[in-house]
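Per-entry structural report
The chain contents come next:
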Amino acid sequence: MTAALAGVAAYLVLGTLAFLGRGRWLGAAAWLAGAGALAAWAPGFPETALGPGPWPIRLAGDPVALAFWGLALVLHAAVLWEEWGRGGAFHALVTLLVGTTLALVLSRDLFNLYVCLELTSLLSFLLVGYGARPGAIWASLQYLLLTTAGMILYLFGLGLVYGETGTLALSELAGVGPSPALVVGAGLLLSGAAVKGGVFLLGLWLPRAHGRAPHAISALLSGLVVKMGIVALFRISSALGSGPILAGLGVLTGLGGLIYALWEVDIKYFLAFSTASQLGYLLLGFGLGAPLGATLYAVGHGLFKALLFLGAGKALESAGSRRIPDLAGRLGWPVALALGLGIWSISGLPPLAGFVAKGALEADLPAWGRWLLLAIGAGTAASFAKLLPLLQPVGEGRLKGELVLIPALVALSGWGLASFHLTWAATGKAVAAAALGLILYPLLRRARPRLPRLTLDRAVLGLLAGTLGLTLALVWSRLSVP
Amino acid sequence: MAGPVGLATAVGLAGLGFFVLAVRRELIFKLLGLHVASGGVGLFLVATGHRPGGIAPILGLGPGPTVDPLPQALVLTAIVIHFATLALALVYVIYLTERHHSQDAHRLEREEE
């Protein structure tokens, strides 16, 4: 436990010092400290109360936290390498952001979760707007307005839960029977975390913010930061027993993100919508009692979505356009290969991490969850067929952050294949789903549905309506059953 | 008496804030709405710690019951975070206003795409 705390402290102190100068070197030093801390506290530690008095801070290191530490360190290394030449406060902000995510996954009380969620949000707002690219400030302001509104709801929930139970520790909430104030409070807590997690209807800031951020930051946000909301949802829901609500949110965001991804032509918005749909897998896993499969998928998705964002960023910088049809044949063969690995993996094809993690996730899901996973998998393959023209390589190109991500992806795939027994039937199903997607793609491309644009007004309404719906569903499900 | 009145005021403030956030088109009003709502939630937390006849939870202030100190500590943290967020939001609004000579969310929506 001391090692984990020391790792977080090193990240926060070095990240703060990095504002004074030498940001990238201090970021690299923080990374080393973090990796050392991870090696020291693995494989985990039990829940520990920290600090004097009756209201300590509670921390625990479980496999979920361990996996997210690994993911955070790999992505930080990739961003450091990719953006090594970037000066200013960039690396200071990235280091602090990674440090707060490390703290968040260890947190086991409601207020510590709140502080970490707010810190990751605040640093993300700064990084999305970093460099003031076109549209980025506006995207970041929307992200800020919606997330802050969500966090206000979270605080209301926290007040209700604390007033009812007199404790903030998640482990102590688990045994408390439902009462109206507690259930409404739980609904508000879940809504706030869902806004932060970019879940559909509540967190519609996600496509814009991830689509407009600098490319390496998009990779970090989609790979790691947005999942912090999902981790918070998982922690709260496993204390308060609201798994079905999580699964419901998973269905909503899985299908909603997919429908938008299928017809999106702006490459970064497309990848961002795809992130929303992949969050559906995580929510289904966390909600239906498959947390380890969901965590494995979160790590795998973090790696291959980062590859996709880095490759897409290089293609669109070279083409000077964000439309997918304009981007064909813009990448050198190494980058095209890295992008191809990302597409292969997200389509769930064996033997890469996407396939392994989906297999591990499916094993613990009920039948309807498996069918839903299959449908979203086929849809994902169909939507990523759009990116295939990008893979025609032209000339050479240099890899940077990919050189961290590819070995990590291969190592995770190898580890997963060795530890989970994946049958030939599962392999056949994965290939069939991807093939179905490829066949569906030309048909789907013909249809051009007019999807409602996700404006700020609609996002605010979605947030309020989603909160109301979620809270009412929770009240109905918890209080109607004696 | 102070507890229920505080709670009701807090919920009212938050409702007003979210209403302004949802219906006004000018960015500065949206920020104001958010700020009022964050004030509401601060009041809510303090009001949940209310104890009848309680005094401020300061050591050495005197005998008698005190109000719950934990929500007050939480609110201090939340106020700092809301201050930082609001400051950043104002910087962004100033930037956008100088670029577009407008604060209208609908117009920004069209021009920033």
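Every chain is numbered on its own, with residues counted from 1 as its sequence reads. Chains carry letters and ligands carry numbers; both start at the beginning, A for chains and 1 for ligands, and go up in the order they are written. Per-residue local features of the predicted model are confined to residues with pLDDT of at least 70, and side-chain atom pairs are confined, for both listing and counting, to 80 or more; whole-chain, interface and lining totals are unaffected and use all residues. Hydrogens and water are ignored here; the side-chain numbers use all heavy atoms of the structure.

**Side note on the confidence of the model for chain A**
- Values of pLDDT, which run from 0 to 100, indicate the predictor's confidence residue by residue. Summary statistics for chain A give a mean pLDDT of 89 and a share of 99% for residues scoring 70 or more.
- Strands are runs of DSSP state E lasting at least two residues, helices are runs of H or I lasting at least four, and both sets are numbered from the N terminus onward. Per-element mean pLDDT across chain A ranges from 84 in helix H18 (residues 424-446) of chain A up to 94 in helix H4 (residues 90-106) of chain A.

**Things to note about a nonpolar patch on the surface**
Residues and elements named next belong to chain B.
- Among the surface-exposed residues, Leu 13, Leu 16, Val 36 and Leu 43 lie close enough to one another that they form a single nonpolar patch of about 280 Å² accessible area.
- Of all the secondary structure elements, the ones that give two or more residues to the nonpolar patch are helix H1 (2-23) and helix H2 (27-48).
- Tracing the backbone shows Leu 43 in helix H2.
- A relative accessible area of 33% means that Leu 43 is categorised as partly exposed. Patch construction takes residues with relative accessible area above 30% that form no salt bridge. Like charges are linked within 9 Å, and nonpolar side chains (Val, Leu, Ile, Met, Phe, Trp, Tyr) are linked within 5 Å. With residues, only the protein chains shown are counted as cover, and all accessible areas are computed by Shrake-Rupley using a 1.4 Å probe. Here a salt bridge means any side-chain nitrogen of Lys or Arg lying within 4 Å of a carboxyl oxygen belonging to Asp or Glu. The buried label goes to any residue with under 20% of its type's maximum accessible area, the exposed label to any with over 50%, and the partly exposed label to all in between, with areas taken from a 1.4 Å probe on protein chains only.

**Things to note about empty space enclosed by the protein**
Residue and element names in this part refer to chain A.
- Site definitions follow a grid-based scheme: protein atoms alone, a 1 Å grid, a 1.4 Å probe that fits but cannot get out for cavities, and for pockets an open set with protein on both sides within 12 Å along at least five of seven lines, plus lining residues having an atom within 4 Å of a point. Grid points are joined across faces, edges and corners, and a volume is the space filled by probe spheres set on the points. Within the structure shown, the criterion is met by three cavities of 30 Å³ or more.
- The space that makes up the largest cavity amounts to roughly 150 Å³.
- If you go around the largest cavity, you meet 13 residues; those closest to its centre are Lys 358, Glu 362, Leu 374, Lys 429 and Ala 430.
- Secondary structure elements with two or more residues in the lining of the largest cavity: helix H15 (353-362), helix H16 (367-384) and H18.
- All residues other than Ala, Val, Leu, Ile, Met, Phe, Trp, Tyr, Cys, Pro, Asp, Glu, Lys and Arg, Gly among them, are scored as polar; the first ten of these are nonpolar and the last four charged. Tallied by class, residues from the lining of the largest cavity come to six nonpolar, four polar and three charged.
- Roughly 80 Å³ of internal volume is contained in the second largest cavity.

**Focus on the packing of helix H10 (residues 215-240) of chain A against helix H12 (residues 267-287) of chain A**
Residue and element names in this part refer to chain A.
- Comment: axis = line fitted to C-alpha atoms, over the contacting stretch for helices; angle = value between 0 and 180 degrees taken between N-to-C directions. Contact pair H10 / H12: the axes reach a minimum separation of 11 Å and the direction vectors enclose 25 degrees. What the angle tells us is that H10 and H12 run roughly parallel. For H10 against H12, the interelement crossing comes out right-handed. In this structure, H10 contributes His 215, Ser 218, Ser 222, Val 226, Lys 227, Ile 230, Leu 233 and Phe 234 to the contact, and H12 contributes Lys 268, Thr 275, Leu 279, Leu 282, Leu 283 and Phe 286.
- For the contact of H10 with H12, the per-class residue count stands at eight nonpolar, four polar and two charged. Relative orientations are named as follows: roughly parallel for angles under 35 degrees, roughly antiparallel for angles over 145 degrees, roughly perpendicular for angles from 65 to 115 degrees, and oblique for any other angle. Put simply, a crossing is left-handed when the front helix is turned counterclockwise from the back one by less than a right angle, and right-handed when it is turned clockwise. Whether two residues touch is decided by their heavy atoms; if any such pair falls within 4.5 Å, the residues are in contact.

**A closer look at the domain arrangement of chain A**
Residues and elements named next belong to chain A.
- Domain annotation for chain A reports domain 1 (1-235 + 455-482) and domain 2 (242-451).
- What counts as buried area is the accessible surface, traced by a 1.4 Å probe, that two parts surrender upon association, with contributions from both included. At the boundary of domain 1 with domain 2, total buried surface from both sides reaches about 3,500 Å², with 78% on carbon and sulfur atoms.
- Per-residue buried area on domain 1 facing domain 2 is highest for Glu 82, Phe 200 and His 215; these three make up 20% of the total on that side.
- Here domain 1 is connected to domain 2 by two salt bridges.
- Close ionic contact of Lys 314 with Glu 82 constitutes a salt bridge, the shortest N to O distance being 3.4 Å.
- A 3.5 Å cut-off defines polar contacts: any pair of N or O atoms within that distance qualifies, except that in protein one atom must be a possible hydrogen donor and the other a possible acceptor, and neighbouring residues in sequence count only when both atoms are side-chain atoms. The tally of links from domain 1 across to domain 2 stands at twelve residue pairs in polar contact (both at pLDDT 80 or more).
- The set of elements that each furnish at least two residues to the side of domain 1 that touches domain 2 consists of helix H3 (63-82), helix H8 (180-196), helix H9 (206-212), H10 and helix H19 (456-479).
- Across the side of domain 1 that touches domain 2, the residue classes tally to 29 nonpolar, eight polar and five charged. Note that domain bounds follow an automatic or database assignment of domains.

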